[in-house]
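Summary of the model geometry
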Amino acid sequence: MTARPIIANTREELSEALASRGEIGFVPTMGALHDGHASLLTRARSEVGESGAVVASIFVNPLQFGVGEDLDRYPRTLEADLMICADHGVDVVFVPDVTQVYPDGDPEVTINPGPKAEILEGAARPGHFAGVLTVVAKLFGLLGPDVAVFGEKDYQQLVLIRQLVTDLCLPVRIVGAATLREPDGLAMSSRNRYLDDAARSRAVALSQALTAGARSGQQGAAAVLSAAEAVLRQVKGVEVDYLRLTSTNLGPAPSSGTARLLVAAQLGQTRLIDNVAVELGSSDERSS
Ligand code: PAF
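Heads up: these notes are all about the structure in this document. These figures come from a predicted structure and were not determined experimentally.

Some words on the overall build of the protein
Broken down by element type, the protein carries 10 helices and nine strands. Compactness check: the protein gives a C-alpha radius of gyration of 19 Å against a globular reference of 19 Å for 288 residues, within 12% of the reference. Expressed as lengths along the three principal axes of its C-alpha atoms, the size of the protein is roughly 60 × 40 × 40 Å. When burial is assessed residue by residue, the protein has 52% of its 288 residues classed as buried. Within the protein, residue pairs in contact and separated by at least 24 positions form 72% of the contacts whose partners lie at least 6 positions apart. With the model as given, the accessible surface of the protein reaches about 13300 Å², and the carbon-plus-sulfur share is 51%. In the protein, 25 side chains carry a positive charge and 35 a negative one; their mean positions are 5 Å apart.

A look at helix 6 (residues 128–143)
With 16 residues, helix 6 extends 23 Å from end C-alpha to end C-alpha; this agrees with the ideal 22 Å at 1.5 Å per step. All of the buried residues along helix 6 are His128, Phe129, Gly131, Val132, Leu133, Thr134, Val135, Val136, Leu139, Phe140 and Leu143. Positive phi appears at Gly144, one or two residues downstream of helix 6, with a value of about 60°.

A few points about the side chain of Thr29
Position of Thr29 relative to the elements: it lies in strand 2 (residues 24–29). Among the polar contacts made by the side chain of Thr29, one reaches the main-chain amide nitrogen of Gly31 at a distance of 3.0 Å. For Thr29, the residues in contact, after removing those within four places along its chain, are His37, Ser57, Ile58 and Phe59.

Quick notes on the pattern of salt bridges
Within this structure, the stated rule accounts for 11 salt bridges. A salt bridge links Lys153 to Asp154, with the shortest nitrogen-to-oxygen separation between them at 3.9 Å. For Lys153, a relative accessible area of 14% gives the class buried. Residue Arg181 pairs with Asp274 through a salt bridge whose shortest N-O separation is 2.8 Å. Of this pair, Arg181 sits in the loop between strand 6 (173–177) and helix 8 (197–215) while Asp274 is found in strand 9 (residues 270–280), placing the two residues 93 residues apart along the sequence. The partly exposed category is assigned to Arg181, whose relative accessible area is 29%.

Description of the site of the ligand
In the region of the ligand, the neighbouring residues are Pro28, Thr29, Met30, Asn61, Gln64, Val135, Phe150, Asp154 and Gln157. Residue Gln64 places a side-chain N or O atom 2.6 Å away from an oxygen atom belonging to the ligand. Here Gln157 contributes a side-chain N or O atom positioned 2.8 Å from an oxygen atom of the ligand. Starting from 280 Å² of accessible surface for the ligand in isolation, the protein chains cover 89%.

Some details on the sheet that holds strand 9
Taken in spatial order, the three strands line up as 7-8-9 in an open sheet, and their pairing is antiparallel. Looking at which strands have only one partner, the edges of the open sheet turn out to be strand 7 (239–247) and strand 9. Taken over all neighbouring pairs, the strand axes of this sheet differ in orientation by 15° on average, direction set aside. Across eight bridges, strand 7 lies against strand 8 (residues 257–267) in antiparallel orientation. Among the inter-strand pairings, Val240 is bridged to a residue of strand 8, identified as Ala265.

Brief notes about the side chain of Ser216
Here Ser216 is to be found in the loop between helix 8 and helix 9 (221–233). Exposure remark for Ser216: the relative accessible area of 12% places this residue in the buried category. Once residues within four sequence positions are removed from consideration, Ser216 is found in contact with Ala223, Val224 and Ala227.

Focus on the nonpolar core
Counting 31 residues, the largest nonpolar core has Val136, Phe140, Phe150 and Ile174 as its most contacted members. Listing elements by their share of this core, those giving two or more residues are helix 1 (11–18), strand 2, strand 4 (92–94), helix 6, strand 5 (147–151) and helix 7 (155–167). The contacts of Phe150, once residues within four sequence positions are left out, are Pro28, Leu40, Val136, Phe140, Gln157, Leu158, Ile161, Ile174, Val175, Gly176 and Ala177. Residues Ala199, Ala203, Ala209 and Ala259 belong to the second largest nonpolar core, which totals 27 residues.

The rules behind each value
Residues numbered from 1 in each chain as written. Predicted model: local features only at pLDDT ≥ 70, side-chain atom pairs only at ≥ 80, totals over all residues. Heavy atoms only, no water. Helix = DSSP H or I, 4+ residues; strand = E, 2+ residues; numbered from the N terminus. Rg over C-alpha atoms; globule rule 2.2 N^0.38 Å. Buried < 20%, exposed > 50% of the residue type's maximum accessible area, 1.4 Å probe, protein only. Contact = heavy atoms within 4.5 Å. Areas by Shrake-Rupley, 256 points an atom, 1.4 Å probe, with all protein chains shown as cover. Lys, Arg positive; Asp, Glu negative; His and termini not counted. Charge placed at Lys NZ, Arg CZ, Asp CG, Glu CD. Expected span 1.5 Å × (residues − 1). Polar contact = N/O pair within 3.5 Å; in protein donor to acceptor, adjacent residues only side chain to side chain. Salt bridge = Lys/Arg side-chain N within 4 Å of Asp/Glu carboxyl O. Near = heavy atom within 4 Å. Pairing = 2+ DSSP bridges. Axes fitted to C-alpha atoms, helices over the stretch in contact; angles between N-to-C directions. Core = buried A, V, L, I, M, F, W, Y, C linked by side-chain atoms within 4.5 Å.

Written out as structure tokens, the structure reads:
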């Protein structure tokens, strides 16, 4: 039998639900939960143990959506989400409405996410990471978690949240959890449910391209990018926005060692992102 979590809709209900808890492990979400989120909840439990409390939040944060993005059509599946939380031993689910998070409307003070928010997703979605970091900082303020778990699927977001915590000395430990994939390799995402059959079958090209790139790591950075590009070129209807090899911290890729290969593409109305770790050999150095 799974116990239903406490559902807190207001700040007061949240403080009451969190009073005299042990360590708090937090998983912030925008709902439309899938197995990828479930794995974050499981990870949060393993971080805080049975004596701790796992808290999830479900809030579709308007501040991180630009004009013309999918705020209105973002999937909202609260009942199913609560079942997933119950099945994964979540103790408290914070489900605020916008007036609880932004009682005075848009905040006057927001987080400036810095230069790493200008590239990749940030270049395509101006203001997105300011909105993400602002709501994450607010949620940290409201909950006071000891540890917070974020998926590597949103790799740039994870890097920026680590930077937020470091630069603002926030007393929370950030854990990055591996991306969960469908059997064919597609990274799990709430946005996958927008894909029609044709787009869904094309979407696998993203993970295939990343896998091909990662397999070429020993031949160096140029080989990684050309292997990934070759896969993407073969598939019609996948409009690549970027395919980029960076350092693990989103700087220039190292000539050898661990790097990150990131891709974003538009499939019809739906923008998908994915990324993998790449171990780079030093063939580029030898050949130059
Ligand atoms: O990754 C998400 O779902 C969101 O960006 C987050 C971290 C919950 C902030 O709204």
